[in-house]
Amino acid sequence: MTDRRRLRVCVRGVVQGVGFRPFVYTAAASLGLSGCVRNDSSGAIIEVEGDASGIDDFLRRLRAGPPPLAIIESVVTEQIPVVGGTAFTIADTSRSGTGRTLVSPDVAMCADCAAELRDPTNRRYRHPFVNCTNCGPRFTIIGSLPYDRATTTMAAFEMCADCGREYADPADRRFHAQPVCCPACGPQLRYLTPGHDVAHREDGLSAARALLRDGGVLAVKGVGGYHLACDARDTAAIEELRRRKRRGDKPFAVMVPDLPTARRIAHVDEPAQRLLTGPQRPIVLLPRLPDSGIADSVAPCNPDLGVMVAYAPLHVLLFGLPGDEPGPDVLVMTSGNLGGEPICYDDDAAVTRLADLADGWLMHDRAILVPCDDSVIRVVEGAELPIRRSRGYAPLPVALPVRLPPTLAVGADLKNTMAVADGRYAWLSQHIGDMDDLATLAAFDSAQRHLRTLTGVNPDVLVADAHPLYRSTHWAHRNADGRPVRTVQHHHAHIAAVMAEHGYDGSEQVVGFAFDGTGYGSDAAVWGGEVLLANYKGYQRLAQLKYVPLAGGDISVLRPYRMALAHLWAAGIAWDPDLPPVAACPPEERKVLAHQLETGLGCVPTSSMGRLFDAVSALAGVRQVVAYEAQAAIEFEGLSRGIDCGTTAYAFGIDHRGPTTLIDPAPVLQAVIRDRRADVPAGLIGARFHHAVAGLIVDIAEGERDASQTVALSGGVFQNALLLRLALKGLRNKGFEVITHRYVPPNDGGIALGQLLVGNSG
Ligand SMILES: [Zn+2]
Ligand SMILES: [Zn+2]
């Protein structure tokens, strides 16, 4: 019934010392294939096993997308007997013959299992835990190596005779699939309501679906933790969830049962389709369709919708199979947590911590060992731009351009992700979250232990952000235990991360644009609009956005009108009451703010580009107060998309006199005010502003062309697809080589990768 096969693939060419083996591993693991890779005297020998379409995909990736430094001369394949299993091993010749077995990420349900789930004649018909060697949970259920059933949370379930036969049969799709199970021997569903009435199996499932249909909030246990779900077409249900979660206007992601449903609510292009239905199945940010019927409150004022397709069999059953009483066709699916806390994954904690959030719990007895949030990806110019790299990706290794000693990089405090490295591989953890409470610190602690266990890396070196008050930095010092802790400037790490992704070995410098919200600068100012001439060893600050006083930290992030007033003050522009941010600022606050700006009391200088986007968005009348960082910029981008401003872009002032070029936003602010007073629509103001920032990038790169022809773009501001597109186009038109993020996020979730490289090149 299955066309499982195993191929030996001999690859000749320049494939050693160029990160080829981790690339092979990553490609195989992301397709749910098992096998091994090793070097021999003439190249690399790969054995790869799985279903035919997966193997075809693998061979296509091998030829189409090898690491930048690899040169493939020939690929010869030969069919060999199947061996089974779900593990992939990298034989590491430098480790005296011992191999490194690597753990796969969690893989979305494959087509074969999906067919069994729907087939009334199959013994796994409607089995919420159907999986095989090509799919199922991995990273979130494996406690230690070697990877076999005993080290997973499936150890508690003894295989029945039928499953045991499949597990032992080399011709079967479940040959040595560790989480294999069936309705007779596997985990069981349980549905709980606050009065602790319990329903089991199918009864529980239909009760959960009925709760969703009636507008309730369901806590449902997924692969990497609990989600909170409700009907995405039911405004009252969504507003209730928002209220309970104290979520402000932050967008919710939605889940759909299949691709056709995704197409009814959002614009799905070809690369997005591949992501939505592939083995990783992240949340994909897609332009929403106007008549989708999805409640506005799912993502208020947001042009995009985060969409994922059901990836676990339980999700498919929750939507219902033919014959089931139908439930909602689109579900809000948001992490089961309160505010910024880590996602709930433990059953007891889910019942207590989500007590005030959920009306019912759909749970089961397959334990989750480590939490793992959904990944978030957007597609820009046909390429993947990761926003959050987590489920489906962690712990896929990233190939390193140079060999590193065993190292742990602890990342940054916002959107924290850590990483370990050894030799030519780096492994990034799943998304941990913002390090602002004890729960997140505890999650960080256990995630780094799990990551070290699964990779076998025992760090000799720790690397942290140079921010003296970061909790991640404190953690590194506290846990150093005599090992060196090296600190790295935040924006230097951003640029190093994008260089590492692209295989740069650090021998040449790049002109790096690091634009983000905030990072600790070497002069103790808050940096964020930086142009650095950088390699891994060091950097020179070529240019910066001119400092403005940041009065109070978070308060100015959440009230863009304050940033607008600070920018006006710095530019010597009067606070006229007709300007939207001036009108939005209560007179008392205005007085205090003016005093702070005049005296410098409680102010830190900042060159943040993220804050400039906030300020301009406020001046254009788009948004004065936000519920989450970058909300103003996201709405501004949405309004500006698709608007052609011709040659009427604004222009920044550029002052070359000092050792560091100063970028002066004053002419831009003046032009925005002029346009606003002439009733120019906010979208056109936004288009002119986005073009101005892209033009600025091109101009500065041109001025530094002698230093480097390569331009690197990183930092959270480059999550802005409009800006990224304009900058790419402008730079490529001028003949620059441009490198942007493909594997790790441009935001602080990608910092750890850069820290690994910089921290080891002192
Ligand atoms: Zn499967
Ligand atoms: Zn069984």
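Residues numbered from 1 in each chain as written. Chains lettered and ligands numbered in written order. Predicted model: local features only at pLDDT ≥ 70, side-chain atom pairs only at ≥ 80, totals over all residues. Heavy atoms only, no water.

Enquirer: Could you clarify how one ought to interpret the environment of arginine 676 in this entry?
Expert: Its place among the elements puts arginine 676 in helix H20 (residues 666–677). A C-alpha to C-alpha distance of 48 Å links arginine 676 and leucine 211, two positions 465 residues apart in sequence. With sequence-adjacent residues up to four places away left out, arginine 676 is seen in contact with Pro580, Leu619, Ala620, Gly621 and Ile685. (Helix = DSSP H or I, 4+ residues; strand = E, 2+ residues; numbered from the N terminus. Contact = heavy atoms within 4.5 Å.)

Enquirer: Would you explain the packing of helix H19 (residues 631–640) against helix H21 (residues 682–703) in this entry?
Expert: Geometry of a packed helix pair, given as the angle between the helix axes and the separation of the axes. One way to put it is that H19 packs onto H21 with a least axis distance of 7 Å and a crossing angle of 100°. The angle between the axes of H19 and H21 places the two elements in the roughly perpendicular class. For the pair H19 and H21, the contacting residues are Phe636, Glu637, Leu639 and Ser640 in the first and Ala682, Gly683, Ile685, Gly686, Ala687, Phe689 and His690 in the second. (Axes fitted to C-alpha atoms, helices over the stretch in contact; angles between N-to-C directions. Parallel < 35°, antiparallel > 145°, perpendicular 65-115°, else oblique.)

Enquirer: Quick question: what am I supposed to make of the coordination of the zinc ion (ligand 2) here?
Expert: Each donor-metal-donor angle would ideally measure 109.5 degrees in four-coordinate tetrahedral geometry, or 90 or 180 degrees in six-coordinate octahedral geometry. In this structure, Cys160 (SG), Cys163 (SG), Cys182 (SG) and Cys185 (SG) serve as the protein donors to the zinc ion (ligand 2), at separations of 2.3 Å. Here the zinc ion (ligand 2) is ringed by four donor atoms whose angles at the metal span 104 to 116°, and the overall shape comes out tetrahedral. Sequence spacing of the donor residues for the zinc ion (ligand 2), all on one chain, is C-x2-C-x18-C-x2-C. Of the two residues, cysteine 163 is situated in helix H4 (residues 161–168) and cysteine 185 in the loop between H4 and strand E7 (189–192); the sequence distance between them amounts to 22 residues. By the burial criterion, cysteine 163 is buried, and cysteine 185 matches it. (Donors = N, O, S within 2.8 Å, 3.2 Å for Na, K, Ca; no water. Tetrahedral: all angles 85-135°; square planar, octahedral: opposite > 155°, others 65-115°. Buried < 20%, exposed > 50% of the residue type's maximum accessible area, 1.4 Å probe, protein only.)

Enquirer: Help me understand the sheet that holds strand E16 (residues 376–380) in this model?
Expert: The strands making up a sheet associate through hydrogen bonds between their backbones, and the pairing can be parallel or antiparallel. Taken together, the 11 strands give an open sheet; going across it, the order is E8-E7-E15-E9-E10-E14-E11-E13-E12-E16-E17, and neighbouring strands pair in mixed fashion. The sheet is open, and its two borders are formed by strand E8 (198–200) and strand E17 (383–388), each paired with just one other strand. Between one strand and the next, the sheet's axes are offset by a mean angle of 35°, whatever the strand orientation. Examined bridge by bridge, strand E9 (residues 218–221) and strand E15 (residues 360–364) share three bridges and lie parallel to one another. Residue pairing in the sheet places valine 220 in a bridge with leucine 362 of E15. (Pairing = 2+ DSSP bridges.)

Enquirer: Any chance you could explain unusual backbone geometry here in plain terms?
Expert: Residues other than glycine predominantly adopt negative phi, and peptide bonds predominantly adopt the trans conformation. Proline 395 follows alanine 394 through a cis peptide bond whose omega is 0°. Within the secondary structure, proline 395 is located in the loop between E17 and strand E18 (397–409). Of note, alanine 524 is a non-glycine position whose phi angle comes to about 70°, a positive value. In this fold, alanine 524 is placed in the loop between strand E22 (510–520) and strand E23 (526–534).

Enquirer: Sorry, what's going on with helix H5 (residues 201–213) here?
Expert: Owing to its 3.6 residues per turn, the α-helix aligns residues three or four sequence positions apart on the same side. For H5, spanning 13 residues, the distance from its first C-alpha to its last is 19 Å, which sits close to the expected 18 Å at 1.5 Å a residue. Residues Gly204, Leu205, Ala208, Arg209, Leu211 and Leu212 constitute the buried set of H5. All buried residues of H5 lie within an arc of 155° about the axis, which places them on one face of the element. At the exit of H5 stands glycine 215, carrying a positive phi of roughly 85°. (Expected span 1.5 Å × (residues − 1). Arc of directions from axis to C-beta.)

Enquirer: Is there a simple way to explain the coordination of the zinc ion (ligand 1) in this structure?
Expert: Taken together, the protein ligands of the zinc ion (ligand 1) are Cys110 (SG), Cys113 (SG), Cys132 (SG) and Cys135 (SG), with distances of 2.3 to 2.4 Å. Read in sequence order, the donor residues for the zinc ion (ligand 1) give the motif C-x2-C-x18-C-x2-C. The exposure class of cysteine 110 is buried, given its relative accessible area of 12%.

Enquirer: Help me understand H21 in this model?
Expert: Between its terminal C-alpha atoms H21 stretches 31 Å, which fits the 32 Å expected from 22 residues at 1.5 Å a residue. Counting buried positions along H21 yields 16 of 22 residues, so the element is predominantly enclosed.

Enquirer: What exactly am I supposed to notice about the nonpolar core here?
Expert: Soluble, globular proteins show a tendency: their nonpolar side chains are buried together. In this structure, Leu318, Leu362, Phe513, Phe652, Phe689 and Leu713 are the most contacted members of the largest nonpolar core, which totals 129 residues. The greatest single-element share of this core, amounting to 12 residues, is contributed by H21. Grouped together as the second largest cluster of nonpolar side chains are 44 residues, Leu31, Val48, Met418 and Leu441 included. (Core = buried A, V, L, I, M, F, W, Y, C linked by side-chain atoms within 4.5 Å.)

Enquirer: In this structure, what is going on with the sheet that holds strand E19 (residues 419–428)? I would like to understand it.
Expert: Pairing is mixed across the open sheet formed by four strands, whose spatial order is E19-E18-E20-E21. Edge strands, defined here as strands with exactly one partner in the open sheet, are E19 and strand E21 (485–488). Adjacent strand axes in the sheet meet at a mean angle of 60° when their direction is disregarded. Bridge count for strand E20 (residues 461–465) against E21 is four bridges, and the pairing is parallel. Bridge pairing links alanine 464 to threonine 487 in E21. Here helix H1 (residues 20–30) sits on the sheet and contacts E18 and E19; the angle it forms with E18, its principal contact strand, is near 95°. Across the sheet, helix H12 (residues 471–478) is in contact with E18, E20 and E21; its angle to E20 comes to roughly 160°.

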